[in-house]
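# Per-entry structural report
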Amino acid sequence: MSKITAAVVSSGRTVRVAPYVLASSGEERRAGLALIERYVIAAGLSLAEVSFADTGAPPPIDRRTGWRAVRRYAERGFAHGIVAIARPAITTDVRVYEGLLTDLFVHRLFLALLPTEDSPGI
């Protein structure tokens, strides 16, 4: 993430991120997006004009329509990275997660998670 954001900043641009939420309901989705928005703004980043989510019982990450949409959005250059609330919103499978991070990096994108007691986040 730091390599990508440094390259963006050194080119004189603001780092722009797209929010992704995995939620069990529409209300939870709105709350998650609001949480991401507050954090992204406080971190001095720019929030994409659209948001992405999957609601309900999640299939594997590669079959989620919201996740596939946020990936396409970022890969087309509309965002430098994707922000989610926590890793379980992406996957709990270590190999799948590592592969996903590697693939994002190949596309010069990053995944950021909001801070927790165990990690500093963005």
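Going by the structure above, here's the rest.
Residues numbered from 1 in each chain as written. Predicted model: local features only at pLDDT ≥ 70, side-chain atom pairs only at ≥ 80, totals over all residues. Heavy atoms only, no water.

### What about the overall build of the protein?
Heads up, the condition is: Going along the chain from the N terminus, every DSSP run of H or I of four or more residues is numbered as a helix, and every run of E of two or more is numbered as a strand. Think of it in three bands: residues with accessible area under 20% of the maximum for their type are buried, residues over 50% are exposed, and the middle band is partly exposed, with areas taken using a 1.4 Å probe on protein chains only. Areas reported as accessible are Shrake-Rupley estimates using a 1.4 Å probe. Residue values count occlusion only from the protein chains shown.
Along the protein, the regular secondary structure elements total four helices and five strands. In the protein, the succession of helices and strands from N to C terminus is α-β-α-β-β-α-β-α-β. Across the 122 residues in the protein, those meeting the buried criterion constitute 38%. Accessible surface, the protein as shown: approximately 7100 Å² in total, 53% of it carbon and sulfur.

### A few points about the environment of E49
Assignment of secondary structure puts E49 in the loop between β2 (46–47) and β3 (52–55). E49 sits in the exposed class, given a relative accessible area of 81%. For the pair formed by E49 and A18, sequence separation is 31 residues and the distance between their alpha carbons is 8.0 Å.

### Notes on the pattern of salt bridges
Under the convention used in this document: In the sections that follow, a salt bridge refers to a side-chain nitrogen of Lys or Arg positioned within 4 Å of a carboxyl oxygen of Asp or Glu.
Per the stated rule, a full pass over the model turns up two salt bridges. Its salt-bridge partner being R71, residue D103 comes within 2.4 Å of it at the nearest N-O pair. In this pair, D103 is assigned in helix α4 (residues 94–106) and R71 in helix α3 (residues 65–75), connecting sequence segments 32 residues apart.

### Section: the packing of aromatic side chains
Each aromatic ring pair is specified by the distance between its two centres and by the angle formed by the two planes. Stated formally: Pairing of aromatic side chains requires ring centres within 6.5 Å, counting the rings of Phe and Tyr and the six-membered ring of Trp. Pairs whose planes differ by under 30 degrees are stacked, by over 60 edge-to-face, and all others tilted. Charge-over-ring contacts are defined here by two conditions on Lys NZ or Arg CZ: a distance within 6 Å of the ring centre and an angle within 35 degrees of the ring normal.
If you walk through the whole model with that rule in mind, you get three aromatic pairs. Each ring, one from Y20 and one from W67, has its centre 5.2 Å from the other, and the planes form 80°; the classification is edge-to-face. Of this pair, Y20 sits in strand β1 (residues 16–23) while W67 is found in helix α3, placing the two residues 47 residues apart along the sequence. Assessed through its relative accessible area of 0%, Y20 is described here as buried. An aromatic cluster of three or more residues is present, and its members are F52, Y73 and F78. The ring of Y97 has R87 lying over it, and the distance from NZ or CZ to the ring centre is 4.1 Å.

The quantities given are spatial measurements derived from coordinates; they are silent on function.
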